[in-house]
Amino acid sequence: MELIIVDDYESLSRAAADWLVEAIREQPEAAIVAATGATPMGMYIELAQRRFRDRIDTSQLRVFQLDAYLGLAPDDPRALFRWTRRSFIQPLGITQANVVRLAGDAPDPWEACRAYDAAAREVGGFDISILGLGPNGHLGFNEPPSPPDAPTRVVDLTPESIVSNACYWGSEEQVPRQALTCGMDLLLAARRTLLLVSGAHKHQILHRAVEGPQTPEVPASYLQLASTVTVLADRAAWQGM
Ligand code: GLP
């Protein structure tokens, strides 16, 4: 696990964009799973600006949705697919045919999870995983406790996640109580991972993730065992102030 500490959120976003541009140059047909949440948004804006300037070929990239609220249509304002499309898929010009959605609105959401796993297996797993860190140590919506072999599945959100996600949608009532998440097994098998962590409120959980014991209570702690992981954090997150 490589740990990089940068001064602030702007530096984090630039460094993250550098990391991804390099990874895409090495592997233009990479299968990418990309997080929503506040943390990667600066990186995605930076990437959108660089796409034409730096002539980044995104035409062959394949994008997998990381997580989805149960029961929301893809165009619901709260749908995480809509967020991924607006912030990552469209600005990078990724074609619809190269996008795999985690269908939270499917009549049988468990079947949707199996279909997603099958699609990921078909491309040989993820080449690149871009993740944020939940305040309770979750990855995607792999809520604690999540063992490292947890598959893509339907989960109950923890009260902590409902509170932390309320800031995106205005109130806790707006946050669905269940979600679909890409499994721990797929995330930990990604060939390279970038974990982005920003802000003093992530200080304790960041240290538990990178230095603490590997435990289902901190799902991100299993990244310590994963193949090529870069943790990019700002000083506020690392030092807690
Ligand atoms: C959310 C999402 C995750 C995200 C994480 C951190 O609940 N399910 O995919 O990475 O929590 O979000 P943020 O970056 O806003 O702190």
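Note: the structure precedes this text.
A quick note: this is a predicted structure, and the numbers were derived from the prediction, not measured.

A. Just the overall build of the chain, in detail. Each helix and strand in the chain was counted, giving eight helices and 10 strands. Taken over the C-alpha trace, the chain has a radius of gyration of 16 Å; the compact-globule value for 241 residues is 18 Å, and the two agree within 12%. Taken along the three principal axes of its C-alpha coordinates, the chain extends 45 × 40 × 35 Å. Out of the 241 residues in the chain, the part that is buried amounts to 58%. For the chain, contacts bridging at least 24 residues in sequence account for 80% of all contacts bridging at least 6. Of the accessible surface of the chain, which amounts to about 10100 Å², a share of 52% is contributed by carbon and sulfur atoms. With 21 positive and 30 negative side-chain charges, the chain shows a separation of 5 Å between the mean positions of the two kinds.

B. Highlighting the layout of surface pockets. Roughly 420 Å³ of internal volume is contained in the largest pocket. Around the largest pocket, the lining is made up of 22 residues, and of these Gly-37, Ala-38, Leu-133, Tyr-168 and Lys-202 lie nearest the centre.

C. The side chain of Asp-234, seen in detail. Examined against the element boundaries, Asp-234 turns out to sit in strand E10 (residues 229–234). There is no salt bridge for the buried Asp-234, and the closest opposite charge comes from Arg-235, which lies 8.6 Å off by N-O distance. Residues within four places of Asp-234 in sequence aside, it is in contact with Ile-5, Val-6, Asp-7, Asp-8, Tyr-9, Leu-12, Val-197, Ser-198 and Gly-199.

D. Inspection of the environment of Ala-38 at higher detail. Within the secondary structure layout, Ala-38 lies in the loop between strand E2 (31–34) and helix H2 (41–53). Considering only alpha carbons, one finds Ala-38 and Asn-165, 127 residues apart in sequence, at a separation of 10 Å. In contact with Ala-38, other than residues within four places in its own chain, are Tyr-9, Trp-83 and Tyr-168.

E. Inspection of the nonpolar core at higher detail. By size, the foremost hydrophobic cluster in this structure holds 42 residues, and its most contacted members are Leu-20, Ile-32, Met-43, Leu-47 and Phe-88. Of all elements in the fold, only helix H1 (9–26), E2, H2, helix H3 (80–89), strand E6 (128–132), helix H5 (159–169) and strand E9 (192–197) reach the threshold of two or more residues within this core. Broken down by element, this core gets its largest block of residues, eight residues, from H1. The contacts of Ile-32, once residues within four sequence positions are left out, are Leu-20, Leu-61, Arg-62, Val-63, Phe-64, Phe-88, Ile-128 and Ile-130. Listed in part, the 41 residues of the second largest apolar core include Cys-113, Tyr-116, Leu-187 and Leu-195.

F. The arrangement of unusual backbone geometry in detail. With an omega of -5 degrees, the peptide bond running from Pro-144 to Pro-145 counts as cis. Tracing the sequence through the fold places Pro-145 in the loop between E6 and strand E7 (153–156). The backbone of Arg-55 shows a phi angle near 50 degrees, a positive value even though the residue is not glycine. Classification of Arg-55 by relative accessible area gives exposed; the value is 75%.

G. Representation of the sheet that holds E9 within the structure. Reading across the sheet, the seven strands line up as E1-E10-E9-E6-E2-E3-E5 and stay open at both edges, with parallel pairing between neighbours. Of all strands in the sheet, those bounded by a partner on one side alone are strand E1 (2–6) and strand E5 (99–100). Note: strand E3 (residues 62–65) against E5, two bridges, orientation parallel. Within E5, the residue paired with Val-63 across the bridge is Val-99. Together, E2, E3 and E5 form the strand contacts of H3, whose direction differs from that of E3 by roughly 150 degrees.

H. Summary view of the site of the ligand. Around the ligand sit 14 residues, and of these Ala-38, Thr-39, Asp-67, Tyr-168 and Lys-202 come closest. Note that an oxygen atom of the ligand is positioned 2.4 Å from one of the side-chain N or O atoms of Thr-39. At 2.3 Å, a side-chain N or O of Tyr-168 approaches an oxygen atom of the ligand. Its free accessible area being 400 Å², the ligand has 94% of it covered by the protein chains. When atoms are counted within 2 Å of each cavity's grid points, the one that captures over half of the ligand is the largest pocket.

Cut-offs applied
Residues numbered from 1 in each chain as written. Predicted model: local features only at pLDDT ≥ 70, side-chain atom pairs only at ≥ 80, totals over all residues. Heavy atoms only, no water. Helix = DSSP H or I, 4+ residues; strand = E, 2+ residues; numbered from the N terminus. Rg over C-alpha atoms; globule rule 2.2 N^0.38 Å. Buried < 20%, exposed > 50% of the residue type's maximum accessible area, 1.4 Å probe, protein only. Contact = heavy atoms within 4.5 Å. Areas by Shrake-Rupley, 256 points an atom, 1.4 Å probe, with all protein chains shown as cover. Lys, Arg positive; Asp, Glu negative; His and termini not counted. Charge placed at Lys NZ, Arg CZ, Asp CG, Glu CD. 1 Å grid on protein atoms, 1.4 Å probe; cavity = no way out; pocket = protein on both sides within 12 Å on 5 of 7 lines; lining within 4 Å. Points joined across faces, edges and corners; volume = space filled by probe spheres on them. Salt bridge = Lys/Arg side-chain N within 4 Å of Asp/Glu carboxyl O. Core = buried A, V, L, I, M, F, W, Y, C linked by side-chain atoms within 4.5 Å. Pairing = 2+ DSSP bridges. Axes fitted to C-alpha atoms, helices over the stretch in contact; angles between N-to-C directions. Near = heavy atom within 4 Å. Polar contact = N/O pair within 3.5 Å; in protein donor to acceptor, adjacent residues only side chain to side chain. Sits in = over half its atoms within 2 Å of the grid points.

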